[in-house]
Amino acid sequence: MTITMDLDAKSLDIEGLGLDMYNLIAELYPICRSITGDGVRKTLKIIQQHIPLKVHEVPTGTPVFDWTVPKEWNIRDAYIKDETGKKVVDFQNSNLHVLNYSIPIHQKMSLSELKEHLFSMPDRPDWVPYRTSYYQENWGFCLSDRTLQSLPEGDYEVYIDSSLEPGSLTYGELLLPGQTTDEVILCCHSCHPSLCNDNLSGIALVTFLADYLSRQTLRYSYRFLFMPGTIGSITWLSRNEHRVSSIKHGLTVSNVGDSGRLAYKKSRRGNADIDRAVIHVLKKMSQEYTVSEFSPYGYDERQFCSPGFNLPVGSLTRSQFGTYPEYHTSADNLEFIQTSALVNSFETYLNVIDVLENNHTYLNTNPKCEPQLGKRGLYSTLGGKQTTPDDRMAMLWVLNLSDGEHTLLDIAERSDLNFSTIKNAAFNLANSGLLKIYSSSAKKAVPVNSR
Ligand code: ZN
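Since the model is a prediction, treat every value here as computed from it, not as a measurement.

Chemist: Before we move on, can you summarise the environment of isoleucine 234 with the specific residues and values?
Modeler: Here isoleucine 234 lies in helix α6 (residues 231-239). By relative accessible area, which is 5% here, isoleucine 234 ends up buried. Note: C-alpha distance between isoleucine 234 and serine 194 (40 residues apart in sequence) is 24 Å. Residues contacting isoleucine 234, with those up to four places away along its chain left out, are Val64, Phe65, Trp67 and Gln303.

This is the structure we're talking about:
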């Protein structure tokens, strides 16, 4: 078993990665997605140019726990024309203009009849809201309040060329096998149309994280899921119930491209390794962040953390859903996200994965009093480099707490040193024969292979 994997971002072309993520978002932005339909298929096809996603189709009507896979929705065109034949609202300009899951309609009606189906934001008169009606058949249009207020009395032609028919729900999945079958799951939602932060940013981060990890030697197996919100994770969980005992850590990924500070919402367990790993990484990143307790609202962690599963799945975002004015509006566009924020989020995820991958438990092979580090060349230099006071403290902490009872994350938390400093100390001590890895599952110490 390889004991030290450096998954920090040093070996990455960070600038190139930021552009790659941004460009993928820009490519996916115009596509009209929903919880089902061709927009999702087209999206997954584009992601397949980067990673070998497996695409699953689950037929309409399939029971999934207390829910049923809905009819499939597709849309080709939609508009509202005034009496002169001028399009006052046009789906071709923005897919947000149509209430997502609108049933087809082609009818003339008065402005007052029409207004019952129009949605705007009076407090943000130039923005178009994003609205859905997945589970109640309806039709509608979303438009800026400025356009709405400018509509004169008269008859309007309303046209929505959509279909709501038996079909299937589509989701994408990629499993990267590691040295163990224990899994880390990373999931993002693939159902939002032209919205960048929520959640094309999550799709882009997960895609390039999967691409990066596919080129590494990994301890855990990684499962990446691209699914529509709520119904997607319910569907996945109902089809994969036999698999969930392998899930050791998980995160839902969304809102990772805006300039807000990083925010972590804990899993329902509250003290799972994923909670501790993320909080440790955030604490050591010398930038502002927030941590909040679990609540049964938000993204798909709601399903993974339902009491029948109670999986260790948290949510690592930047600005949290519903807390920024651009959320679920046309202002969540390509200008709202930044490559620097995408990159910072990516590095944070990578640091968390580095903790999970390297969070071993060791045994001090020389536990009676401190071993003499100087005669082993460990005190003043490490790996050819001058040691820092933190390096020396890290070695002392690792030696002291490596009794088979403490993981490296335990030691990082207790010493208040960076996990990477603790990890490097453990690596060097192990190479000098002062530590051996402790396999708690086998209940015996196993020898350590050097890198
Ligand atoms: Zn959303």
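That was the structure; now back to the text.
Chemist: Describe the side chain of asparagine 100, and please don't skip the residues or the numbers.
Modeler: Secondary-structure assignment places asparagine 100 in the loop between β5 (87-90) and β6 (105-110). Owing to a relative accessible area of 2%, asparagine 100 belongs among the buried residues under this scheme. Discounting residues that sit within four places of it in the chain, asparagine 100 has contacts with Arg33, Ser34, Trp73, Tyr130, Arg131, Thr132, Ser133, Tyr134 and Pro193.

Chemist: Please give an account of the confidence of the model for the chain that cites residues and values.
Modeler: Counting all residues, the mean pLDDT for the chain is 94, and 95% of those residues have values of 70 or more. Predicted confidence is poor over residues 441-451, with pLDDT under 50, and the contacts of this stretch with residues over four places away or in other chains come to 22 contacts.

Chemist: So what's going on with unusual backbone geometry? Residues and values would help.
Modeler: Residue aspartate 198 is joined to asparagine 199 through a cis peptide bond whose omega torsion reads 10°. Examined against the element boundaries, asparagine 199 turns out to sit in helix α5 (residues 196-213). One non-glycine residue with positive phi stands out, namely asparagine 310, at about 45°. On the secondary structure map, asparagine 310 appears in the loop between α8 (301-304) and β16 (313-317).

Chemist: For the sheet that holds strand β14 (residues 262-265), give the residues involved together with the corresponding values.
Modeler: Read across the sheet, 8 strands follow the order β1-β10-β12-β11-β13-β16-β14-β15 without closing on themselves; strand pairing throughout is mixed. Strands at the two margins of the open sheet, each flanked by one partner only, are β1 (54-59) and β15 (289-292). In this sheet, neighbouring strand axes are inclined to one another by 20° on average, regardless of whether the strands run parallel or antiparallel. With 5 bridges joining them, strand β10 (residues 168-176) and strand β12 (residues 221-227) adopt antiparallel strand pairing. Counterpart to glutamate 173 in the pairing with β12 is leucine 225. Set on the sheet, α5 makes contact with β10, β11 (183-189), β12 and β13 (247-253); between it and β11 the angle comes to about 145°.

Chemist: Residues and numbers for the domain arrangement of the chain, please.
Modeler: It is common to give the size of an interface as the accessible area lost on bringing the parts into contact. Examined at the domain level, the chain breaks down into domain 1 (9-69 + 168-358), domain 2 (73-165) and domain 3 (361-446). Using C-alpha coordinates to define each centre, domain 1 is positioned 33 Å away from domain 3. Interface of domain 1 and domain 3: buried area, both sides summed, is about 880 Å²; carbon and sulfur atoms make up 48% of it. When the buried surface of domain 1 facing domain 3 is broken down by residue, Arg276, His280 and Lys284 rank first, second and third, together holding 58% of it. Across the domain 1-domain 3 interface, the total number found is 5 salt bridges. Where glutamate 413 meets arginine 276, a salt bridge forms, and the shortest distance between an N and an O atom there is 2.7 Å. Linking domain 1 to domain 3 there are 6 residue pairs in polar contact (both at pLDDT 80 or more). Broken down by secondary-structure element, the contributors of at least two residues to the side of domain 1 that touches domain 3 are α7 (273-283) and α9 (339-358). Of the residues in the side of domain 1 that touches domain 3, the class split is 2 nonpolar, 2 polar and 5 charged.

Chemist: Tell me about the coordination of the zinc ion, residues and numbers included.
Modeler: Protein coordination of the zinc ion is provided by His192 (NE2), Asp198 (OD) and His328 (NE2), with donor distances spanning 2.0 to 2.1 Å. One chain supplies every donor to the zinc ion, and in sequence these donors are spaced H-x5-D-x129-H. Owing to a relative accessible area of 10%, histidine 192 belongs among the buried residues under this scheme. For aspartate 198, a relative accessible area of 0% puts it in the buried group.

Chemist: Give a detailed account of helix α12 (residues 419-431), specifying residues and quantitative values.
Modeler: End to end, α12 covers 18 Å across 13 residues, agreeing with the expected 18 Å (1.5 Å per residue, within 8%). Among the 13 residues of α12, 10 are classified as buried, and the element is accordingly described as predominantly covered. Considered for burial, the residues of α12 that qualify are Phe419, Thr421, Ile422, Lys423, Ala425, Ala426, Phe427, Asn428, Leu429 and Ala430. Immediately downstream of α12, the backbone of glycine 433 shows phi near 80°, a positive value.

The rules behind each value
- Residues numbered from 1 in each chain as written.
- Predicted model: local features only at pLDDT ≥ 70, side-chain atom pairs only at ≥ 80, totals over all residues.
- Heavy atoms only, no water.
- Helix = DSSP H or I, 4+ residues; strand = E, 2+ residues; numbered from the N terminus.
- Buried < 20%, exposed > 50% of the residue type's maximum accessible area, 1.4 Å probe, protein only.
- Contact = heavy atoms within 4.5 Å.
- pLDDT = per-residue confidence, 0-100.
- Pairing = 2+ DSSP bridges.
- Axes fitted to C-alpha atoms, helices over the stretch in contact; angles between N-to-C directions.
- Domains from an automatic or database assignment.
- Buried area = accessible area lost by both parts, 1.4 Å probe.
- Salt bridge = Lys/Arg side-chain N within 4 Å of Asp/Glu carboxyl O.
- Polar contact = N/O pair within 3.5 Å; in protein donor to acceptor, adjacent residues only side chain to side chain.
- Nonpolar A, V, L, I, M, F, W, Y, C, P; charged D, E, K, R; others polar.
- Donors = N, O, S within 2.8 Å, 3.2 Å for Na, K, Ca; no water.
- Expected span 1.5 Å × (residues − 1).

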